[in-house]
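Coordinate inspection notes
Now for the letters of each chain:
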Amino acid sequence: MKVLIVDDEEMIRCVLKEYVEFEGGTAFEAVDGMQAVKLCRENDFDIILMDVMMPRLDGFSAVKEIKKIKNVPVIMLSARGEEYDKLFGFEIGVDDYVTKPFSPKEVMARIHAVLKRGAQENVNDVVTFEGLTIDMVGRNVFVDGEKAELTPKEYEILFYFVKNKGIALTREKLLMDVWGFDFYGDDRTVDTHIKMLRSNLKQYRKFIITLRGLGYKFEV
């Protein structure tokens, strides 16, 4: 397990590095977003722990740049626990969000949970429903042979729908399993993402069924 720890506080980096290495992993360090992007261009990591507030380049901006070149899971670390920050992070492809101060043991548990979810995504190769083709390993979606440009979160929602084909899914269930956190606020973020996903699937939007007063179901 190769972990990139990005934080401008040396003590936090040292503590997290100690826990990663205690579990047999290898930890790399970056003091800001620019250094993190540079390291990601030169190396492959299994997961990134990314602070939000940093000099030179903040964590959110760094994640956007990294996602352009590498498909690597990211857990954000921040002293700011506002709901807006969390939702923004998930929309740009963040996998989890930990609010400071945190327990290093909790961070390690979240690392394992994110990596486990990623491993489960690779159990199948390619599935096809009429003209909709989903490449699970390559994380590509094709609509009648043309590649659809999905955001990381849209892809995760689609994959989750396929994995749970024919099962009624509440918005709360989607938030918990796809976003990976206990959500206590407005669940309209689910509807917004699914609206964008349907638009990108074009005529195959018909597979995503709205269940009035409940949630959604993927049915073919």
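Now for a quick tour of the structure. (Residues numbered from 1 in each chain as written. Predicted model: local features only at pLDDT ≥ 70, side-chain atom pairs only at ≥ 80, totals over all residues. Heavy atoms only, no water.)

Points about the pairing of strand S4 (residues 74-78)
To keep things clear, this is the line we draw: For each residue, the accessible area found with a 1.4 Å probe, counting protein chains only, is set against the maximum for its type, and the residue is called buried under 20%, exposed over 50%, and partly exposed in between. The numbering of helices and of strands both runs from the N terminus, where a helix is a DSSP run of H or I of at least 4 residues and a strand a run of E of at least 2. Whether a crossover is right-handed comes down to one check: with the strands pointing away from the viewer, does the path from the first strand over the helix to the second run clockwise; if it does, it is right-handed. Strands are treated as partners if at least two bridges between them are detected by DSSP.
Counting buried positions along S4 yields 5 of 5 residues, so the element is predominantly enclosed. Of the two faces of S4, the one carrying Val74, Met76 and Ser78 and the one carrying Ile75 and Leu77 are both buried. In this fold, strand S3 (residues 47-51) hands off to helix H3 (residues 59-69), which returns the chain to S4; that crossover is right-handed. Bridge count between S4 and strand S5 (residues 96-99): 4 bridges; the pairing is parallel. Directly across from Ser78, in S5, lies its bridge partner Thr99.

Some remarks on the sheet that holds S3
Here is the rule we go by: To get an axis, a line is fitted to the C-alpha atoms, and for a helix only the part in contact is used. The angle between two axes follows their N-to-C directions and goes from 0 to 180 degrees. Should any heavy atoms of two residues lie within 4.5 Å, those residues are considered in contact.
Reading across from one edge, S2-S1-S3-S4-S5 is the order of the 5 strands in this open sheet, with parallel pairing throughout. The open sheet has two free edges, formed respectively by strand S2 (26-30) and S5, since each of these has just one partner strand. Strand-to-strand, the axes of this sheet are offset by a mean angle of 20 degrees, without reference to chain direction. On top of the sheet, helix H1 (residues 10-22) reaches strand S1 (2-6), S2, S3 and S4; it is set at about 165 degrees to S2, its chief contact. The sheet strands contacting H3 are S3, S4 and S5, and the helix crosses S3 at an angle near 150 degrees.

What to know about the pattern of salt bridges
To be explicit about the condition: A pair is scored as a salt bridge if a Lys or Arg side-chain nitrogen falls within 4 Å of a carboxyl oxygen belonging to Asp or Glu.
The final tally for this structure, using the stated rule, is 16 salt bridges. The shortest N-O distance in the salt bridge between Glu9 and Lys100 comes to 3.9 Å. Residue Glu9 is located in the loop between S1 and H1, and its partner Lys100 is located in the loop between S5 and helix H5 (104-121); the two are separated by 91 residues in the primary sequence. The exposure class assigned to Glu9 is partly exposed, which follows from its relative accessible area of 42%. Judged by relative accessible area, which is 15%, Lys100 ranks as buried. A salt bridge links Asp191 to Arg171; its shortest N-O distance comes to 2.9 Å. You can see Asp191 sitting in helix H8 (residues 188-201) and its partner Arg171 sitting in helix H7 (residues 171-179), a full 20 residues away along the chain. Judged by its relative accessible area of 24%, Asp191 is partly exposed. By relative accessible area, which is 17% here, Arg171 ends up buried. Connected through shared salt-bridge partners, Asp7, Glu9, Asp51 and Lys100 make up one network.

Interpretation note: all reported values are geometric properties and have no functional meaning in isolation.
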